Amino acid sequence: MFTDEYFMKMALQEAEKALEKDEVPIGCIIVSNDRIIAKSHNLTETLNDVTAHAEMQAITSAANFLGGKYLQNCTLYVTLEPCVMCSGALNWSQISKVVIGARDEQRGFINKGLSLHPKTEIISGILENECSLIIKEFFRNKR
């Protein structure tokens, strides 16, 4: 059985891929039955698409893999707390669990007073330092 830390490290690998493309380094994976069924990273610059967040890409990929729009019995691991758009998509997907690395106090859905599907479990703070550091360094280098 794999741990939340193990899967968050996989999400961090996706964030590194985004960093290599000069994208905001956010990575995401979706797991079903201890198996990664989707993985992605931010592609907003690459695709010139403001909706191409890591979570949106992974939700679409996982739904295609499963052959349906609902992600019940799936867990999403994401390095940064989802934004309002992504939280809406996660809500509609009825995903069972969301594991967040670092919180996003400014743009994250939690501080906006939003929630996910009532049956969705939310865990925060898994590898928080590593997840926070990659984002902070990215923006520090941009300034």
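Bear in mind the structure is a predicted one, so any value in this text is a computation, not a measurement.

Visitor: If you had to explain the UniProt feature "binding site: Zn(2+)" (unreviewed entry) in the protein to someone new, which residues and values would you point to?
Guide: Here the UniProt feature "binding site: Zn(2+)" (unreviewed entry) sits at His 53, Cys 83 and Cys 86. These residues run over 34 residues, yet every pair of their C-alpha atoms falls within 9.2 Å of each other. Within the secondary structure, His 53 sits in the loop between helix 2 (44–47) and helix 3 (54–66). His 53 has contacts with Asn 42, Thr 44, Cys 83, Met 85 and Cys 86, leaving out every residue within four places of it along the chain. Mapping Cys 86 onto the fold places it in helix 4 (residues 84–93). Non-local contacts of Cys 86, meaning those with residues more than four positions away in its chain, are made with His 53, Glu 55 and Met 56.

Visitor: Before we move on, can you summarise the nonpolar core with the specific residues and values?
Guide: Within the largest apolar cluster, 36 residues are counted, with the highest numbers of intra-cluster contacts made by Met 8, Ile 30, Leu 76 and Tyr 77. When contributions to this core are tallied by element, the ones reaching two or more residues are helix 1 (4–20), strand 1 (27–32), strand 2 (35–41), helix 3, strand 3 (74–80), strand 4 (97–102) and helix 5 (128–142). The contacts of Met 8, once residues within four sequence positions are left out, are Tyr 77, Val 78, Thr 79, Val 99, Ile 100, Gly 101, Ile 126, Leu 127 and Cys 131.

Visitor: I'd like to hear about the pattern of salt bridges, residue by residue, with values.
Guide: Opposite charge on two side chains allows them to pair when their charged atoms are near. Taken as a whole and judged by the stated rule, the model has four salt bridges. For Lys 17, the salt bridge is made with Glu 14, and the minimal N-O distance between the two is 2.9 Å. Pair noted here: Lys 17 and Glu 14 are both in helix 1, with a separation of three residues, about one helical turn. Residue classification places Lys 17 among the partly exposed residues on the basis of a relative accessible area of 35%. Across the pair Arg 103 and Glu 81 runs a salt bridge whose closest N-O atoms are separated by 2.7 Å. With a gap of 22 residues between them, Arg 103 in the loop between strand 4 and strand 5 (121–124) and Glu 81 in the loop between strand 3 and helix 4 connect regions that are remote in the sequence. Since its relative accessible area comes to 28%, Arg 103 is described here as partly exposed.

Visitor: Outline unusual backbone geometry, listing residues and values.
Guide: Not every positive phi belongs to a glycine, and Asn 33 is a case in point at roughly 50°. In this fold, Asn 33 is placed in the loop between strand 1 and strand 2. Residue classification places Asn 33 among the exposed residues on the basis of a relative accessible area of 72%. Notably, Asn 73 is not glycine yet its phi reads approximately 65°, a positive angle. With respect to the element layout, Asn 73 can be found in the loop between helix 3 and strand 3. With a relative accessible area of 63%, Asn 73 lands in the exposed category.

Visitor: Break down the packing of helix 3 against helix 4 for me, with residues and values.
Guide: Following both chains from N to C, one finds helix 3 and helix 4 inclined at 20°, their axes separated by 9 Å at the closest point. By the angle between their directions, the pair helix 3 and helix 4 is classed as roughly parallel. Crossing geometry of helix 3 relative to helix 4 is assigned as left-handed. Residues Glu 55, Met 56 and Ile 59 of helix 3 form the contact with helix 4, whose own contacting residues are Met 85, Cys 86, Ala 89 and Leu 90. Among the residues forming the contact of helix 3 with helix 4, the class breakdown is six nonpolar, no polar and one charged.

How each quantity is defined
Residues numbered from 1 in each chain as written. Predicted model: local features only at pLDDT ≥ 70, side-chain atom pairs only at ≥ 80, totals over all residues. Heavy atoms only, no water. UniProt positions renumbered as here; feature names shortened; annotations may be inferred. Helix = DSSP H or I, 4+ residues; strand = E, 2+ residues; numbered from the N terminus. Contact = heavy atoms within 4.5 Å. Core = buried A, V, L, I, M, F, W, Y, C linked by side-chain atoms within 4.5 Å. Buried < 20%, exposed > 50% of the residue type's maximum accessible area, 1.4 Å probe, protein only. Salt bridge = Lys/Arg side-chain N within 4 Å of Asp/Glu carboxyl O. Axes fitted to C-alpha atoms, helices over the stretch in contact; angles between N-to-C directions. Parallel < 35°, antiparallel > 145°, perpendicular 65-115°, else oblique. Left-handed = near helix turned anticlockwise from the far one by under 90°. Nonpolar A, V, L, I, M, F, W, Y, C, P; charged D, E, K, R; others polar.

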